[in-house]
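Summary of structural features
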Amino acid sequence: MSHRQVLPALALGGLVLVPLWVQDSFFLNAMIHVFLLGAAAQAWNLIGGYAGQISFGHAAFFGLGAYTTSWLLSRHGVSPWGGLWAGAGVAIGVSLVLGYPTFRLRRHFFALATLALAEILRISFLNWEAVGAAVGLYLPLQYRNRLAYLMWDSKPPYYWTALGVVTLATAVAWVVDRHRAGRYLRAVEQDEDAAEMLGIPTRRYKLFAMGLSAALTAVAGGVYSLYVLYIDPYNVMASRISLLVVVIALIGGRGTVAGPLLGAPFIVLLNEYTRAWLGGRGAGVDFILFGLLVVLLSLYQPRGLVGLLNAFRAPPQPVPSGAGDDRPEPMQGASQEGEVVLRIRGVQKSFGGVWAVRGVDLDVRRGEILGLVGPNGAGKSTLFDCLTGFLRPDAGEAVADGVRLVGLAPHRVAWAGLARTFQNLRVFPELSVWDNVLCGVEHRGEGLWEATLREVPLPVQEEVAQLLRSFNLWEQRHQRAGELSYGQQKLLSLAMVVLRRPRVVLLDEPAAGVNPVLVEEMAQRIRALHAAGLTFVVIEHNMDFVTRTCHRVAFMAEGQVVTVGAPEEVQRDPRVLELYYGR
């Protein structure tokens, strides 16, 4: 076993033994709260840390777990072993009902929706007689000291139960973090549009993370209700719980497995001992301290306590398996140049009466590099947006190898065989170069559980290694993408989209802002990939780059395709000279 496995095992073993040596009830009570709130924070971390969807309403799921477990036990005698999972199921259902419509929106709308949900549920339960309304629910005491009901007179059994809950939540987070799902959720957090265009079904993964998060939070809430033996909306659905969960993850380091584990003892013990020390005079002091800590960490170490620890050690350098030469392997069964692989007919798009794209007709032949040139505002990038699902055209159609693209979500366009880079750089800056490229694997047919429980197959990792070598990025594979030069990030963005060997690759100004040496390298990469069987459509203003790289050129102006032909022919066309150069 490596030290990465030994240390957590030793820590867990030490925590298991604590009640055998420590008899202080106050400390054990504090540790039970550390574990339960740490589990809820670990659960929140899945949606708020990895996926970047900030929730201010996790008290709702905590309370649903508590109420479901308590109600089933007190009214129907159902063992908490069943009640806890029933509560998890209820929380999953509510989270999906909330998430499905709100995940169509972005970030702050979701945060507001979760805040509203928590308050709506709290008020509803305050007035719902079936669950005790404002009086709350008392758990029956006759079930105490029976393992089947998880209720005891002493604190050590509750301590071990709560430790089991946080261990479960951490194990789930670890599995997600170590496999494809964690990588995809981080990509969604950093640039959802870029993740979509790589074929990642972003809403599906957000709903998956939301369901897992709600379920684990509900389990923590259910165990809490068994510990306190009495619940009402004020103690299991209070906004304070949501705040503590968020603060624990932020202070510890969101988007990491270790973050909530570090943040929970720091925040909860600070909270408990501050209140004990100050007594009634200390009301609100803990919130002042939390706010001060968040501000200080935001200014000096946004990655939280995990970031502080990482600053004192070198990052790990795992070397993935696989090697390859500098040439991409030819695509199997690539057709000869000439067959139409992408047919565009009558595509139109207007914004407030201004036509950005006006009836574009264009055929892209398999195995060619087609340049798309024209002045700024000609509608080139808007056409790409219409083809890839980011904008819905007002009229027209686009067909790629028999698949109609209009109306498809961007990830489904990617599944249909189109890939795209953007005019502005769209890499995932906090992911390593290696993980950026792995986000570009084929996602069609990839199941959620497969992505959660398994890593990318070894043959695909070997392809990634070969691709990075051919792009001269192998030595930088462990660097964060945001640390690369602008030109290297351009190369990386190309590597990300060609890994799955799409039918057509749409490149939006790949040479813009890049130094001449990397411009030539970009051209060489495009030509090498074309030789391997890929088809390209390239928007570019660098006419020397276009002339040396493209077989045909389509010139656009005022939202229309004016002419299509060989680069030299298009450059000599009088209409092009007038519209582009003003001659």
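Residues numbered from 1 in each chain as written. Predicted model: local features only at pLDDT ≥ 70, side-chain atom pairs only at ≥ 80, totals over all residues. Heavy atoms only, no water.

Some points on the packing of helix α2 (residues 25-50) against helix α6 (residues 155-178)
Selection rule: Working convention: axes come from line fits to C-alpha atoms, limited for helices to the stretch in contact. Angles between N-to-C directions cover 0 to 180 degrees. Numbering of helices and strands runs from the N terminus; a helix is a DSSP stretch of H or I covering at least four residues, while a strand is a stretch of E covering at least two. When describing relative orientation, an angle under 35 degrees is termed roughly parallel and one over 145 degrees roughly antiparallel, while 65 to 115 degrees is termed roughly perpendicular and anything else oblique. Handedness of each helix crossing follows the sense of rotation of the near helix against the far helix: counterclockwise by less than a right angle gives left-handed, clockwise gives right-handed. Each residue receives one of three labels: charged for Asp, Glu, Lys and Arg, nonpolar for Ala, Val, Leu, Ile, Met, Phe, Trp, Tyr, Cys and Pro, and polar for the others, Gly being one of them.
The N-to-C vectors of α2 and α6 enclose an angle of 20 degrees; their axes lie 9 Å apart at closest approach. When the axes of α2 and α6 are compared, the pair comes out roughly parallel. In this structure, the crossing between α2 and α6 has a hand that is left-handed. Per-class residue counts for the contact of α2 with α6 are 19 nonpolar, five polar and two charged.

Some words on the sheet that holds strand β3 (residues 340-351)
So the rule is basically this: A strand pair is defined by DSSP finding two or more bridges across the two strands.
Taken in spatial order, the four strands make up an open sheet running β4-β3-β6-β7, and their pairing is antiparallel. Two strands close off the open sheet at either side, each with one partner strand: β4 (354-365) and β7 (403-404). Note that β3 and strand β6 (residues 395-400) share five bridges and pair antiparallel. Looking at β6, one finds that Ile344 is bridged to Ala398.

Things to note about the nonpolar core
In plain terms, the rule: We define a nonpolar core as any set of buried Ala, Val, Leu, Ile, Met, Phe, Trp, Tyr and Cys residues linked to one another through side-chain atoms lying within 4.5 Å. Partly exposed residues are those whose accessible area sits between 20% and 50% of the maximum for their type, while under 20% is buried and over 50% is exposed, using a 1.4 Å probe and protein chains only. By definition in these notes, contact holds between two residues if any of their heavy atoms fall within 4.5 Å.
Ranked by internal contacts, the top residues of the largest apolar core, which has 148 residues, are Phe428, Val437, Leu492, Leu494 and Phe536. Among the elements that make up this core, the one with the highest residue count is helix α9 (residues 202-228) (16 residues). Discounting chain neighbours no more than four positions away, the residues touching Leu492 are Val427, Val433, Asn436, Val437, Leu473, Ala481 and Leu484. Formed by 30 residues, the second largest nonpolar core is a distinct cluster that contains Val360, Leu372, Leu418 and Val504.

Concerning the packing of aromatic side chains
Quick reminder of the rule: Note on aromatic pairs: the rings of Phe, Tyr and Trp (six-membered ring only in Trp) are paired at centre separations within 6.5 Å, and the planes decide the class, stacked below 30 degrees, edge-to-face beyond 60, tilted for the rest. Whether a charge lies above a ring is judged from NZ of Lys or CZ of Arg, which has to be within 6 Å of the ring centre and within 35 degrees of the ring normal.
Under the defined criterion, the tally for this structure stands at 14 aromatic pairs. Taken together, a centroid distance of 5.7 Å and an interplanar angle of 70 degrees make the contact between Phe390 and Phe422 edge-to-face. In this pair, Phe390 is assigned in the loop between α15 (380-387) and β6 and Phe422 in the loop between β8 (418-420) and α17 (433-438), connecting sequence segments 32 residues apart. Among the aromatic residues, those joined into a ring-pair cluster are Tyr67, Phe125 and Trp128. One residue, Arg477, lies across the ring of Trp474, its end atom 4.0 Å from the ring centre. Positioned above the aromatic ring of Phe471, the side-chain terminus of Arg525 is 5.8 Å from the ring centre.

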